[in-house]
Structures are given as structure tokens and as C-alpha cells.
Amino acid sequence: MAQQRVDSLGTRVPDPDAILDELSLEEKVGQLVGTWVGSMGGEDVTVDDAKAMIRDHHLGTVAAFGIGVSWFHDPERVAEVANEVQRTAVEETDHGIPLFIPVDAVHGHAYVDHAAVFPHGLGLAATRRTPLARTGGQITAKEMRATGANVNYAPTGDVARDPRWGRTFETFGESPLLCGAFAAATVRGLESDGDHRVAATIKHFPAYGDPTGGEDTGAVECDPATLHRTFLPPFEAAIDAGASLVMPCYNAVNGEPAHGSAHILTELLRERLGFDGAVVSDWGGVDHLHEDHRVTRDRRDSARRAITAGLDSISIGRAEYAAHVRDLVESGELPESRVDNAVRRILQLKVDLGLFDDPYVEPGAATATVGAPEHRAAALEAARESQTLLKNDGVLPLDSELDEVLVTGPNADSLRNQLGGWSVQQPVADAGTTLLEGVEAAVDERTTVRHERGAGIDEPDDIDTAVDAAADADVAVVALGENWYYHEFGPQQVAGETGSFPTRTQLELPDVQRDLLERIHGTGTPTVLVLITGRPLAVEWAAAEVPSILMSYYPGSEGGTAIAETLFGEHNPSGRLPISVPRSTGHLPSHFDQLAHPTPIGDDEHPDSYDPLFPFGHGLSYTDFEIRDLEAADSSIGPGESVSVSVTVENVGDRAGSRALDVFLRDEVSSRVRPVREHVAFEKVDLDVDESTTVDVTIPNDALAVIDSDGRKTVEPGTFTLFCGDQSTTVDVDSAY
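Since this is a predicted model, take the numbers as computed values, not measurements.

Conventions used here
- Residues numbered from 1 in each chain as written.
- Predicted model: local features only at pLDDT ≥ 70, side-chain atom pairs only at ≥ 80, totals over all residues.
- Heavy atoms only, no water.
- Helix = DSSP H or I, 4+ residues; strand = E, 2+ residues; numbered from the N terminus.
- Rg over C-alpha atoms; globule rule 2.2 N^0.38 Å.
- Buried < 20%, exposed > 50% of the residue type's maximum accessible area, 1.4 Å probe, protein only.
- Contact = heavy atoms within 4.5 Å.
- Areas by Shrake-Rupley, 256 points an atom, 1.4 Å probe, with all protein chains shown as cover.
- Lys, Arg positive; Asp, Glu negative; His and termini not counted.
- Charge placed at Lys NZ, Arg CZ, Asp CG, Glu CD.
- Expected span 1.5 Å × (residues − 1).
- Arc of directions from axis to C-beta.
- Pairing = 2+ DSSP bridges.
- Axes fitted to C-alpha atoms, helices over the stretch in contact; angles between N-to-C directions.
- Parallel < 35°, antiparallel > 145°, perpendicular 65-115°, else oblique.
- Nonpolar A, V, L, I, M, F, W, Y, C, P; charged D, E, K, R; others polar.
- Polar contact = N/O pair within 3.5 Å; in protein donor to acceptor, adjacent residues only side chain to side chain.
- Right-handed = clockwise from strand over helix to strand, strands pointing away.
- Phe/Tyr/Trp six-rings, centres within 6.5 Å; stacked < 30°, edge-to-face > 60°.

A. Representation of the overall build of the protein. Helix and strand counts for the protein come out as 22 helices and 29 strands. For 737 residues, the compact-globule formula gives about 27 Å, and the C-alpha radius of gyration of the protein, at 26 Å, lands near that figure. Relative to its full complement of 737 residues, the protein shows a buried share of 63%. Pairs at least 24 residues apart make up 77% of the contacts formed inside the protein by residues separated by at least 6 positions. For the protein, the accessible surface area stands at approximately 26000 Å², while carbon and sulfur atoms represent 44% of it. For the protein, the distance from the average site of its 56 positive side-chain charges to the average site of its 123 negative ones is 5 Å.

So this is what it looks like as C-alpha cells:
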């Protein structure tokens, strides 16, 4: 029986220190190591295998479902498996320490059938409403706990700087501010107090989002000032919001593999950012030290380096890593006190999650909780708010009483592609609504909705039939983009989706999709392009020729309804791009906050080199807004003060709508080169026709600061210009103020 203590409220709770004192070295080491259940890389681990490792090697973590390896997707069966492995740990080991059961629920509990699947990170950030992220976190936690999971390997705090990267869709975009705000809101939702709390893991520390050439896990080279200005703020925000766990990135950052870097995991994370929770490895991050980075000799040496650097848990190390860590301690190469510190953190979190009280769930109740109507409604609201209208030459909104509508393209009737990666690969038919189904529900009963796929993601289909159908239709809705993938665009070996696209060398649509779009547009039928995609795609021809373009990201289980409601005007789009859309792959990098630099041969049109197809923050509406009277509360402030500004927004169109506001800052003169614009605040307002409101925003003092190579922040005297829409104002920082 675990030792207990009495807390400040007089409640008896397990005491991690007392438990730790009772554990043998072998039992301690087991708490630092985990396994999975399922199939990965051709290797199967059964439930019985996991139970044997728990009994024989005292493993403290079992990833029973998620990351695409699981054999279990039915909510009730998943709950049964969770109970089965928990029962082994609690009832068949000497100290009855419950398990961490982690999942990759990065946009809902999406590896379980019928879950409420929210838009992926890019889509969620497009809403500019952080409460939607918090709600999504709360619902995800509730559905996770119903099936026995208690640790979420999410949210993603990475700032996407190269859209070729295959994990761009998981991020909240290219703005450190957006990434931090949405990651923090998600953490608060996941870590909400009560029986439904799960441990949130902010990942992938410290700078995964700018790998060389966009190659997943490619080396990251960035100067320390850039690291502190661009990549660390989301992690700081998530830690401040209460994230229980931190996961390092796979990459080497400035020559140091994060999983084995004391500078990154101890000096930067613990000493600089003050994180006191547990650090857990990414899937194969420790193996990469010897297999890929080649900074260690073998698994034993990798275990030594990683744990010495500050890693607390080798998440899938299994019995082999447990034996290595035990041997390292026994040989004196790894202090037992280091193992004790790691175990203490893990035990404390298990206590905080209430796992010692009752780690079991009721399998029969899981089905009712997962995908409950109110959960799906929340996912629908997020999907609606994410819809971003990139272009509209009067075709949208569509009339629901049209005679005939053609819905075509590889993503017109694919729930799988609509969910995107980190989801069930083959979702059951009633787990969501496709675009085709959404359109059929949105139109008048007398309207004919015809579906012809026309093309696959990167392979031909019956394009001629689709073109003939377009010629007869009143409007053609063409749903193009990307399919289901994760990491470096894998796995793609699925029937009908075996082409080479998507890849990190191509952001343009593949030939078969572009051919379908061009030929349908060539019929003269009004054409709407819907992009269901994980990354911003370079659609320069479409931007010039197609009358209406809707960016739908990976909208989740309710995405088909949200898109259809937007196309037919039931919902007025209000999403704003959280990432720039480049003109081509050759135009990269193309993020809004590029550093100021000279143009010695002259470039009058684009002096700051930022020339995207659609800029960060772009998004249209079916109504019109006027932004005016951007004013600072004080024209001059001291170097330690924040900036308060107000701006007036009026709906001058003919229907109600919502308008997101992004506020940018430029330091006119600074001791170090700074970005030409920095995203420092955002808000969103809902306005009826002819209604106006004045929005007050506060720009924190830190946003004014110059960051040096040691990460020190200094607000220097001088003039700062603030922008919102086409409005600008200035504020002076006076050192003598």
C-alpha cells in the first residue's frame, strides 16, 4: 500500500517521497520507462507483452492507443485495454503504482472512433478565438479520461517557419504570439481541475519548426536571439498556463540534439524558464542520439546522456532501456539521486492526476462520452470559425435553391483527408460529415447535387466525367489539397493514395488536381475552390483565375457541415490566415516578421522582401468592415510600461459578421536588427449591421524589448509604430519618463 500524507485540507494523499523510499533501484528505473501496445515499424507489442513488462520490469507508462500504432479504436474496447494494463500495475506489483497512459490527442481524441475531432492547429489559430482552444482541450480531456488515457502528448508549441515541413498543420502558425496564446489556452483546457483533468505536454522544445530545408527532424540553426524571440515564447506561455510535461524535439539545435543536451533541458528549460515538471522523450528521440545524430555509441550511452542532460522518461524504452539505466546507476556512471529526482516528478504527477485514488474507468460509459452531441457541436463551432475566405469575386455565398451543384475533387467526400493526420486512418462512416454530405444537407430539396471525384490527390480519376458534369451545373465546388499524413508525409500506402504528393519539395498542387481545376473552370461554370490541406499551398494560378477560394485547413469531424454552411451563406466566414501563403516554393522563406535588411540593388515594390500570395492575417467576409481611429492611450511611456491602444471597428456591410484584428509593432530604431513587423496583439469582435465598437488592447512591455544573444530583454528609448488594418499610430519610450 502506498505511503500517505495529510495535505493542507486534511485529506490523506499518497506521498511521493514515502513511495520513493520504498522502491528498489529496479522499481525506480521502471517508472522512467514505457512501452506501447500495437504495431510500429513492423514490431508488434501485444497487451500481454505490455503486462509482462509491467510485472517483470515495473514499467510506469503504456501507450495503448494513438500515434497510428494502435489496434484499438472502439471507445469501449480502448477503455477495457486501459483497465487491463492498469489492473496489472495496481494489483500485480508490490507497490501498486498506476500507469501513465499517454495518447497523441492533438486535435481531439481523434484516434478513437466517433470522437469530436477539432480543426488542426492552423485552423484553430485562424479563428483568433482562444476560448475555442480551451473548450477543445476540456472536451479532449473528458473523452480521453472516459477511455482511460491520462496524458496527452499535446499541444504543439512549435512556430512554423518553413511550410514545406510535414508537421506545419499541427502548429498554430508562424506567429509566436498566436502559437503561445493557443497553446496556453489548450493547456488550460486539458489541465482543468476535476476528474477529467489530463496532463498536457507542450512539445517540441525548443525549436522544431524551422528544420533545414523543411525536412522533418532536420538540423535547426538559429542564433540565440532568434531562439528567444521566436521559438521560446510559446513554451513559456504553455508552462505558465500549467503544462505538466515538456517533450524535446528530435532535432539538433545549433549542434546539440535536444534529447541529449544539458544546455537545452536543464539550463534553458529548468533554470531559465523555471519548468519543474517532468521531461518525456519523443517516440524514438533517445535512439536517435546514437542512430542518427551519432553523438553516443549505443543505447546504453544514449540513456546515460539523455538522463544526465535532464530527460525524466524514455517513453518507449521498454525492458532494454530499463536494464541500461539500472546498470548505469550500479556502475556509478549515473547518480541514483538523478533517477530519484525523475521518479519523484513522475510520482507527484500521478498523485496530482488522482491515479492513486482510482485509475479505472467504466468501459460501458465511454461510448456515450466520446463524441457526445455537445462535444461535436463545439467541434463544429471551431470549424465554422476557422473558415478563411481568401478570394471572392461575387460567386459566394451560393444560393441554396440552385438547380444543380457539382461537388468534385479528391477531398469532396473523404472524411479521412478532412480529419488529417493524428487521427484514425480509416474513420467509420458516421464519425463526421464530409463536404459532399454537408452540401447535400445545405441545399434545397429540389436541388440536384452531383458528385464526381475527378482526380485523386496525385493520381488521375475520371476527369472527363467531372468536366462534363461541370458544364451542366450551375456551380462547381472543387475540393482539392492534401490527404492524411503525419511527420514526413507518411504513411501514404493506402488504396487510391499512393502518389508522391504531398512532399516537402512541392507546395504547388500536383498536376492532376490543377488539371481538374483548370478544365472545370474552363467550362465557364462559376467555380469555387475549397482547400482542405495541412499546409498553405501555392495556388497562384487559382488566385488569378478562380473567382472564389476558401481555405478550410483540416477542419475535423464536422468540417463538411462548416464548409457547406459557409459556401451557402448560413455562416459568414471570419477566419484569418495564421500563416502566409507563398507564391511558390521558390519564394520561401515567406513569413511576415522577416528581419529588416538592405536592398542594395533596389526593390521599390517589395522593400522588405515579404511578397506572399496571401499575407498573414488575410481573410475576407460577406460583409464589410471599417477600421479607424487607432490611438495610443499615452503618446509617451516609460521603459517599464505596457502600451494601451484602442481601435474602432464598424460593420458597414449588409449582414452581421465577425472581424478579427491583428496588431503589429515596429521598432523604428534599435540596437539590434529586429523584424520589420511583430505580431503583438489580437482580438475578435462580432458586429451587427451598422454596429460599431471600440476595442481596447494592451501590448505587454516585453513586446517592445530588444532581445540580445543571451536572451536578455531591454526596452530601449525611441519611437514605436503600431499598425492595425490600414491604421497606424506611434508611441515614444522615454528613459526619463
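B. Expanded view of helix α13 (residues 318-330). End to end, α13 covers 19 Å across 13 residues, agreeing with the expected 18 Å (1.5 Å per residue, within 8%). Those residues of α13 lying buried are Arg 318, Tyr 321, Ala 322, His 324, Val 325, Leu 328 and Val 329. Relative to the axis of α13, the buried residues are bounded by an arc of 160° and lie together on one face.

C. Quick peek at the sheet that holds strand β28 (residues 718-724). The mixed open sheet is built from 5 strands, whose spatial order is β21-β29-β28-β23-β24. Looking at which strands have only one partner, the edges of the open sheet turn out to be β21 (636-637) and β24 (678-687). As defined by bridge partners, strand β23 (residues 657-667) adjoins β24 across 9 bridges and the pair is classed as antiparallel. Bridge pairing links Leu 661 to Glu 683 in β24.

D. Main features of the sheet that holds strand β16 (residues 448-452). Spatially, 6 strands are ordered β14-β19-β18-β17-β15-β16 in an open sheet, and the strand pairing comes out mixed. Looking along the sheet, the strands with just one partner apiece sit at the ends: β14 (388-392) and β16. Put simply, the sheet's adjacent strands are angled 20° from each other on average, direction ignored. Against the sheet, helix α19 (residues 463-472) engages β15 (404-408), β16 and β17 (475-481), with an angle of about 155° to β15.

E. Main features of the packing of helix α8 (residues 224-231) against helix α9 (residues 233-240). Two elements in contact, α8 and α9, have axes whose closest approach is 5 Å; the angle formed by their N-to-C orientations is 50°. Classified by the interaxial angle, the pair formed by α8 and α9 is oblique. Contact residues: His 228, Arg 229, Thr 230 and Phe 231 in α8; Pro 233, Pro 234 and Phe 235 in α9. Each residue belonging to the contact of α8 with α9 can be placed in one class, and the counts come to 4 nonpolar, 2 polar and 1 charged.

F. Looking closely at the side chain of His 487. Structurally, His 487 can be placed in the loop between β17 and α20 (511-522). His 487 sits in the buried class, given a relative accessible area of 15%. Side-chain polar atoms of His 487 contact the side chain of Arg 167, separated by 3.3 Å.

G. Quick peek at the pairing of strand β9 (residues 199-205). Most of β9 sits out of view: 7 of its 7 residues are buried. For the handedness criterion, the β-α-β arrangement of strand β8 (residues 151-152), helix α7 (residues 176-190) and β9 is classed as right-handed. Alignment of β9 against strand β10 (residues 245-248), held across 4 bridges, turns out to be parallel. Looking at β10, one finds that Phe 205 is bridged to Pro 248.

H. Expanded view of the packing of aromatic side chains. In total, this model carries 16 aromatic pairs according to the counting rule given. With a centroid separation of 5.6 Å and an interplanar angle of 45°, the aromatic rings of Trp 36 and Trp 283 are classed as tilted. With Trp 36 in strand β3 (residues 34-36) and Trp 283 in the loop between β13 (278-279) and α11 (285-291), this residue pair connects regions lying 247 residues apart in the sequence. Assessed through its relative accessible area of 3%, Trp 36 is described here as buried. Residues Tyr 485 and Tyr 554 carry aromatic rings whose centres are separated by 6.3 Å and whose planes lie at 70° to one another, so their mutual orientation is edge-to-face.

I. Seen up close, the environment of Ala 564. Turning to its location among the elements, Ala 564 is positioned in helix α22 (residues 559-567). The exposure class assigned to Ala 564 is buried, which follows from its relative accessible area of 1%. With 524 residues separating them in the primary sequence, Ala 564 and Met 40 have C-alpha atoms 37 Å apart. Once you skip the residues sitting within four places of it in the chain, Ala 564 turns out to touch Leu 435, Gly 438, Val 439 and Ala 442.

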